[in-house]
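Examining the three-dimensional arrangement
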Number of protein chains: 2
Amino acid sequence: MRQNIDERTGSPTRQPSFVESHVQNLRVAAHVTVLHEGDPARRIMEVVEGAVMLTKLLPDGRRQVVELLGPGDVFGLAHDEAYACSAETLTPATITTHERNALERDPALAARLLRRFEAQLCVMHSHALVLGRMSALERVAFFLLRLMPDGMVGGTLRLAMTRQEIADFLGLTLETVSRAFSELKRRGLVVLQRADEVRIQDRSSMRRLAGAA
Amino acid sequence: MRQNIDERTGSPTRQPSFVESHVQNLRVAAHVTVLHEGDPARRIMEVVEGAVMLTKLLPDGRRQVVELLGPGDVFGLAHDEAYACSAETLTPATITTHERNALERDPALAARLLRRFEAQLCVMHSHALVLGRMSALERVAFFLLRLMPDGMVGGTLRLAMTRQEIADFLGLTLETVSRAFSELKRRGLVVLQRADEVRIQDRSSMRRLAGAA
DNA sequence: GCCCGCTTCCGGAAAGACACTTACGCAGCC
DNA sequence: GGCTGCGTAAGTGTCTTTCCGGAAGCGGGC
């Protein structure tokens, strides 16, 4: 069952020893909400290991997964001193956190974050193209290619996300995602050993569908 | 008529004196493509004055305006040493450009870019929510509020974008954008003096529509 | 007056919403 | 150990809604 970080490791605001340190490593289980949209933004965080998703909510409950993060990616960004997104682990994860004002004192850290921000901004630009202009089938194909870089050809991908989470990432409903998986299967582009184990069968057709991504 | 920067000020690659300098200010007219998606990424740019849009294209010509930039915003980001987006001015603009490797030598510049990247990344997160989860009417309401910060209450907004450009920004078609404007007008939320002059009449209703943005 | 961009109208396609079925994992039990 | 039942997640069928897509009409600015 999914639970909040507050319930198992304690919220940052309730553990002064955690807040006071400049750098802190953190092990968290899967499906833990590491921080909440709107909370005061005291720290900035880096994924060391594992996968994290950033989400935003509309007042009526509609959700968007705005970013998927892996090792090296940075989160905990602030707008008006409050976190702009919630962050939830998809897998067990290791996270490093820094005090926000450490950025001024640590030029090496700032330089690393700058490079990473540039990469993440480019990924967000691609994602805007996906959300704004691609069909359901194209979005799912793009998503699978993104999780399956050219390196791991022939390998089987273990999805750490439910259909609902994928849908919230791609701006679709879970039914549409499910239908898209079935359609890709029917066309012979992918094979699903189980619902969460995908193998890309025809990579070039997938690339064509995803807009040569 | 819209034209490419190459045709009026010369491409950076053809003006060595421009390329060699570390910092260069640039005046460009409206509707000029300052840089092209895929070109080798030699410089990083800041908007000093005016408005710039970043666009991405799919092979079949579908376009997404991925970001709208104003004074202070940064563009010219690279993925694999190539520009990830094209950049086109919406208005006459002043642009400062830096050599990419100046980032290592100039910590003040790096610090400024870091802060700006953080802000732009947050805006992209919001935009993902808009593109993934909002209806056409909500998207247009959000768009107008974003261009009309609380400060300029009662003022009239002069749109620098065509319906097609707004549609490409919001992931809609120009007809749907036009319909949304008409619906907002019909409901009394906005007044259109002309097609490109908007006045927000009922700000609280607009906010509710846009998800309290 | 003409032209470009905007608006409006219509039919059609894609995705959403809802309901139901199926598959799987787990805990309790015989 | 294996059977059984429950709970969650995924797949599918049907209908509805929203948005797209072409076309025609409108209107302001040069």
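Note that the structure is a prediction, hence the values are computed from the model and not measured.

All right, on to the sheet that holds strand β7 (residues 74-75) of chain A then. Residues and elements named next belong to chain A. Here four strands make up an open sheet; going across it, the order is β2-β11-β4-β7 and the pairing antiparallel. A strand with exactly one partner marks an edge of an open sheet, and here the two such strands are β2 (23-28) and β7. For strand β4 (residues 43-49) and strand β11 (residues 93-99), the ladder comprises six bridges, and the chain directions are antiparallel. Counted as the bridge partner of Met45 is Thr97 from β11. Against the sheet, helix α4 (residues 107-133) contacts β4, β7 and β11, and its axis sits at roughly 75° relative to β4.

What follows is about the nonpolar core. If you look at the biggest cluster of nonpolar residues, it comprises 70 residues, and the most contacted ones within it are Leu54, Phe75 and Phe117 of chain A together with Leu54, Phe75 and Phe117 of chain B. Setting aside its immediate chain neighbours within four residues, Phe75 of chain B contacts Val34, Leu35, Ile44, Met45, Glu46, Val47, Val52, Leu54, Leu69, Ala87 and Ile95 of chain B.

Before going further, it helps to examine the pairing of strand β10 (residues 86-89) of chain A. Successive residues of a regular strand alternate their side chains across the two faces of the sheet. Residue and element names in this part refer to chain A. Taking every second residue as pointing to the same face, both faces of β10 are buried, with Ser86 and Glu88 on one and Ala87 and Thr89 on the other. As paired elements, strand β3 (residues 32-35) and β10 share two bridges and run antiparallel to each other. Bridge pairing in β10 links Thr33 to Glu88. Pairing between strand β5 (residues 52-57) and β10: four bridges, direction antiparallel. When the sheet's bridge partners are listed, Met53 is paired in β10 with Glu88.

A word on the packing of α4 of chain A against helix α4 (residues 107-133) of chain B. Axis separation between α4 of chain A and α4 of chain B bottoms out at 9 Å; the angle between their running directions is 25°. Judged on the interaxial angle alone, α4 of chain B and α4 of chain A are roughly parallel. Handedness of the α4 of chain A/α4 of chain B crossing: left-handed. For the pair α4 of chain A and α4 of chain B, contact is made by Ala110, Leu113, Leu114, Phe117, Glu118, Gln120, Leu121, Met124, His125, Ala128, Leu131 and Gly132 of chain A and by Ala110, Leu113, Leu114, Phe117, Glu118, Gln120, Leu121, Met124, His125, Ala128, Leu131 and Gly132 of chain B, respectively. Among the residues making up the contact of α4 of chain A with α4 of chain B, the classes are represented as 16 nonpolar, six polar and two charged.

This paragraph deals with the protein's contact with DNA strand D. Neighbouring DNA strand D are 16 residues; Arg163, Ser178 and Ser182 of chain A together with Ala136 and Thr176 of chain B lie closest to it. If you look at DNA strand D and keep only atoms within 4 Å of the protein, 69% of those are sugar or phosphate atoms. With respect to DNA strand D, the backbone of Ala136 of chain B contributes an N or O atom lying 2.8 Å from a phosphate oxygen. One nitrogen or oxygen atom from the side chain of Arg194 of chain B is found 3.1 Å from a phosphate oxygen belonging to DNA strand D.

The rules behind these values
- Residues numbered from 1 in each chain as written.
- Chains lettered and ligands numbered in written order.
- Predicted model: local features only at pLDDT ≥ 70, side-chain atom pairs only at ≥ 80, totals over all residues.
- Heavy atoms only, no water.
- Pairing = 2+ DSSP bridges.
- Helix = DSSP H or I, 4+ residues; strand = E, 2+ residues; numbered from the N terminus.
- Contact = heavy atoms within 4.5 Å.
- Axes fitted to C-alpha atoms, helices over the stretch in contact; angles between N-to-C directions.
- Core = buried A, V, L, I, M, F, W, Y, C linked by side-chain atoms within 4.5 Å.
- Buried < 20%, exposed > 50% of the residue type's maximum accessible area, 1.4 Å probe, protein only.
- Parallel < 35°, antiparallel > 145°, perpendicular 65-115°, else oblique.
- Left-handed = near helix turned anticlockwise from the far one by under 90°.
- Nonpolar A, V, L, I, M, F, W, Y, C, P; charged D, E, K, R; others polar.
- Near = heavy atom within 4 Å.
- Polar contact = N/O pair within 3.5 Å; in protein donor to acceptor, adjacent residues only side chain to side chain.

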